[in-house]
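# Structural overview
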Amino acid sequence: MGILVDENTRVMVQGITGREGSFHARNCMAYGANVVAGVTPGRGGSLFEDTVPVFNSVEEAVAETAANMALIFVPPPFAADAIVESADAGVPLIACITEGVPALDMVRVARYLEDQPVRLIGPNCPGLINPGARCKVGIMPGAIHLPGRTGIVSRSGTLTYEAVGQLTGLGIGQSTCVGIGGDPIIGTSFVEVLRLFQEDDDTDAVVLIGEIGGSMEQDAAAYIAAEFTKPISALVVGASAPPGKRMGHAGAIITGESATAEAKMRAFREAGAVIIPTPADIGSATQEMLRANGLSA
Amino acid sequence: MKIHEYQAKEIFSGYGIPVPQGSVASSADEARAATERFGGRAVIKAQVHAGGRGKVGGVKVAQSPDDAAETAGAMLAASLVTNQTGPEGVPVNQVLVEELADITTEMYLALTVDRVERRPVLLASASGGMDIEEVAATSPESIHTEAIDPVLGLMPYQARRIARRLGLEGPASSAAPGLLSSLYQLFVDNDCTLVEVNPLIVTGDGGLVALDAKINLDDDSMFRRPALRELRDRAQEDELEAQAAELDIAYVNLDGDVGCLVNGAGLAMATLDVTSAAGAAPANFLDVGGGASVEKVASAVGIILSDEKVRRVLVNIFGGILRCDIAAEGIVQAYRAANSDLPVVVRMLGTNVDDGKRILQESGLPVVFTDTLSEAAEAIKQAG
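Report on the accompanying structure. (Residues numbered from 1 in each chain as written. Chains lettered and ligands numbered in written order. Predicted model: local features only at pLDDT ≥ 70, side-chain atom pairs only at ≥ 80, totals over all residues.)

Residues and elements named next belong to chain B. Between the first and last C-alpha of helix H10 (residues 294–306) there are 18 Å, a value that for 13 residues agrees with the 18 Å anticipated at 1.5 Å per step. Here H10 has its buried residues at Val297, Ala298, Ser299, Ala300, Val301, Ile303, Ile304 and Leu305. Of the surrounding secondary structure, the elements contacted by the buried residues of H10 are helix H8 (239–246), strand E11 (250–253), strand E12 (258–262), strand E13 (284–287), strand E14 (312–319) and helix H11 (324–338). (Helix = DSSP H or I, 4+ residues; strand = E, 2+ residues; numbered from the N terminus. Expected span 1.5 Å × (residues − 1). Buried ≥ 20, exposed ≤ 12 C-beta atoms within 10 Å, placed from the backbone. Contact = placed C-beta atoms within 7 Å.)

Further remarks concern the pairing of strand E16 (residues 367–370) of chain B. Here strand E15 (residues 344–350) of chain B runs beside E16(B); their pairing, made up of four bridges, is parallel. Opposite Arg347(B), over in E16(B), you have Thr370(B) as the bridge partner. (Pairing = 2+ DSSP bridges.)

Below, the discussion takes up the sheet that holds strand E3 (residues 59–62) of chain B. Residue and element names in this part refer to chain B. Read across the open sheet, the four strands follow the order E1-E4-E2-E3; overall the sheet is antiparallel. The sheet is open, and its two edges are formed by strand E1 (22–25) and E3, each paired on a single side. Within this sheet the neighbouring strands show an average axis-to-axis angle of 25°, counted without direction. Helix H1 (residues 5–14) rests against E1, strand E2 (42–46) and strand E4 (95–98) of the sheet, and its axis sits at about 145° to E1. (Axes fitted to C-alpha atoms, helices over the stretch in contact; angles between N-to-C directions.)

Our focus in this paragraph is unusual backbone geometry. A cis amide bond, omega 10°, links Gly122(A) with the succeeding residue Pro123(A). When you line up the elements, Pro123(A) lands in the loop between strand E7 (119–121) and strand E8 (127–130). Along the chain, Asn198(B) connects to Pro199(B) via a cis peptide bond; the corresponding omega equals 10°. The backbone of Glu49(A) sits at a positive phi, close to 55°, despite the residue not being glycine. Structurally, the position occupied by Glu49(A) is in the loop between strand E3 (47–48) and strand E4 (52–55). Of the residues examined, Glu49(A) has 13 C-beta atoms within 10 Å and is grouped as partly exposed. At Asn339(B), a position not held by glycine, the phi torsion is positive, near 50°. As for its position among the elements, Asn339(B) is in the loop between H11 and E15. According to the C-beta neighbour criterion, Asn339(B) is exposed, with 7 such atoms within 10 Å.

All names here are of chain A. Across two bridges, the pairing between strand E2 (residues 34–39) and E4 is parallel. Its bridge partner lying in E4, Gly38 is registered against Val54. In the sheet, E3 pairs with E4 via two bridges, with the strands oriented antiparallel. Its bridge partner being in E4, Leu47 is matched across the sheet by Pro53.

Spelled out as structure tokens, the structure:
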């Protein structure tokens, strides 16, 4: 099972004819994802990889292929338009990989989506993968994943792969891995993903990877303390970052005390989460947690 | 991207937001002439991108044109060190010479994007002229917050509510809604991440004036704001950070001696944390990005090697979009170009990792290969 993506996910790739879009669409297909359509305005009528029909608009793609998820690779100036186009066509799940979308574009998009039955993951995220269902909708290297019962939710891309690599190395498989994105304004928060993991019968435990900036980790900690019943281990990176500097991610900038790694770690500790002391300990700390709870990998 | 106060005030003026009469000076003589025009007395304000200048002599009142010349001359001759700069400070290449304001009340105004509300928020406080972080810590109830629906914009009733909370009366109260709505328009039109007026003052005749102005712009919107891009002042930026920015490499200069090359912002932060935990100090944060070419990796490593404090290099590449062989070739190129023999600890995983390792092995560079993050941290400690 897992959350959000599985065997029934019918993926439409927006920006499928671009350099990044085509490369990753191919990799998703090779992993086993069901890519049913591509969209590039002006390139409709062609076939991608001789099998996937390309359309001029999301509306046509959805009507023809019953796509139920959008994966967006369009460049930053057009990302807001691409997201809203999919939402407007009734696509219920959208993952936007694009990095560098203007913050005020995302403010308008987030406002628009408030009234829509749509979940947006990202932007500036690696996407989602459900190894058990062989469904990869994103840019993560598929080969490092192992089917299993531990969920991962993270604000980062490559650090998520690091986490997956450590877990897989110890034989700990993953139910679903969700990268929610490194921007200040993103579609889906830690809490929303944790809620889904809480309800998922095929997820026994969760690894959460946060970072400096904002207060989303504190919100997650409050939810964990109040409602989350599964074992959870948490890491917050950026302890060595100087205040006021943007550490790569637009969202990773320390402003105010609550945005520091220390404050976030404290919140998780007080909420009863297992604290992962350093990024080198993601696997071992999670393994110990699973054992302590009588769970297998 | 940060811009100077005088640039922000020019933008304010364009939106009809009152600012003091002022003139930018880059020499003592220009400061003297400006002060004469303002009637013989003026405020001299160092133009730097760092906050906290008021506490360290970056803002001074000149009582005469000669005094202004002397004050400006001294400011322009030295770097300014504030609690927001490093110990080397930032250069002062211009001062803003302004007429003295007739202050009766000082208030605080700011616009930013609230991540939790996911919309712009207007912050207002009657405690102006102070460090707002301090106000937030000691008396959070004195800061009024107004979330703005991006579809509607700042509504007049919200502006009136802020005026009321600020305790404004008479002409200042009538002027406030117009000023606030202009400020919001400015925020949106220029893709700002922060607009701050600290203080906003009520003058003796009841007018509102932005005595200070701070604007931070969204780096990600620069593609559609070519005019704003011109406002960038490279002299205020760290030299290596400015070089990296031109190459579209996310780089932050730090204090240690371990140069770090990583792909991905989260993994880069994690690498710094692991390095620090092992007792070594990172010289920089560097995310070379996903689709980097050999040239880009070489430029990134070149920046690391040109940093005089770097004594050892840590490479942590989780190959996905970025292939390990590309990274390896870039590293070798940069080492050869810099003729460097600094020890390099390499941790590589993922796409084409064997090719990457072979290229480094055959290069003859002083490479130590490690498999895990903790081994890499241990090895970099040993290399020190």
